[in-house]
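# A look at the structure
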Amino acid sequence: MQTKTNTVSLATLNDGAVIEAVDIALQRVFDNIVDPNTDAKTVREVTLKIKIKPSDDRDFGQISYQAVPKLAPDIEQITQVEIGRALSGAAEARERQKRQAPESAPENVTDFKTKAAGR
């Protein structure tokens, strides 16, 4: 009795897991594209590597595969630190505080809308 074998294709290889691996790599690329911490102009890639290693007598082979995404790196972020010595003499660094706009106007500033309305 002969056993029926299926011809290997991307769709059938490892019960479709190759296509699933590519889909996962594509999703990683799409996530990377919408990440605002990456450069929008960087080209992303997905490479599908398939290796086939035949046996010595060439009657069977081993297939390995890998879907490899090439993503854009995070955009470089910069901050400033002040470097000096502590009272103990040890070197230390402190990040400079970023200046933030005040949430409300100081007491000595009059809101134009309030003054115009006679309040």
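Here's what I pulled together on the structure shown here. Values in this document were obtained by computation on a predicted structure and should not be read as measured data.

A few words on the pairing of strand 2 (residues 61–70). Across 10 bridges, the pairing between strand 1 (residues 45–54) and strand 2 is antiparallel. When the bridges of strand 2 are listed, Glu45 appears paired with Lys70. Where strand 1 folds back on strand 2, the antiparallel hairpin that results is connected by 6 residues, among which Arg58 adopts a positive phi of roughly 65 degrees.

By the secondary structure assignment, Gln80 is in the loop between strand 2 and strand 3 (81–85). Sequence separation between Gln80 and Arg94 is 14 residues, and the spatial gap between their C-alpha atoms is 8.5 Å. When neighbours within four sequence positions are excluded, Gln80 is seen to be in contact with Arg94, Glu95 and Arg96.

What follows deals with the side chain of Asn32. Mapped onto the fold, Asn32 is located in helix 1 (residues 17–34). Within the structure, Asn32 has its side chain in polar contact with the side chain of Arg44 (distance 2.8 Å). Dropping the residues within four chain positions of it, Asn32 is found in contact with Thr38, Arg44, Leu71 and Ala72.

Moving on, we get to the pattern of salt bridges. The tally for this structure, following the rule as stated, stands at 2 salt bridges. Its salt-bridge partner being Glu82, residue Arg96 comes within 3.5 Å of it at the nearest N-O pair. Placement of Arg96 in the loop between strand 4 (91–95) and helix 2 (112–116) and of Glu82 in strand 3 is noted, with a sequence separation of 14 residues between them. For Arg94, the salt bridge goes to Glu92, with nearest N and O atoms at 3.2 Å. The exposure class of Arg94 is exposed, given its relative accessible area of 55%.

Despite not being glycine, Asp15 has its phi angle at roughly 55 degrees, a positive value. Relative to the helices and strands, Asp15 resides in the segment before helix 1. Although it is not a glycine, Arg58 sits at a positive phi angle of roughly 65 degrees. Relative to the assigned elements, Arg58 resides in the loop between strand 1 and strand 2.

With respect to the element layout, Arg44 can be found in the loop between helix 1 and strand 1. Comment: no salt bridge for buried Arg44; closest opposite-charge side chain is Asp39, at 6.6 Å. In this structure the side chain of Arg44 is engaged in a polar contact, spanning 3.1 Å, whose partner is the side chain of Thr38. Residue contacts for Arg44: discarding those within four places in its chain leaves Val29, Asn32, Ile33, Thr38, Asp39, Lys70, Leu71 and Ala72.

Here is what the cut-offs are and how they apply
- Residues numbered from 1 in each chain as written.
- Predicted model: local features only at pLDDT ≥ 70, side-chain atom pairs only at ≥ 80, totals over all residues.
- Heavy atoms only, no water.
- Pairing = 2+ DSSP bridges.
- Helix = DSSP H or I, 4+ residues; strand = E, 2+ residues; numbered from the N terminus.
- Contact = heavy atoms within 4.5 Å.
- Polar contact = N/O pair within 3.5 Å; in protein donor to acceptor, adjacent residues only side chain to side chain.
- Salt bridge = Lys/Arg side-chain N within 4 Å of Asp/Glu carboxyl O.
- Buried < 20%, exposed > 50% of the residue type's maximum accessible area, 1.4 Å probe, protein only.
- Lys, Arg positive; Asp, Glu negative; His and termini not counted.

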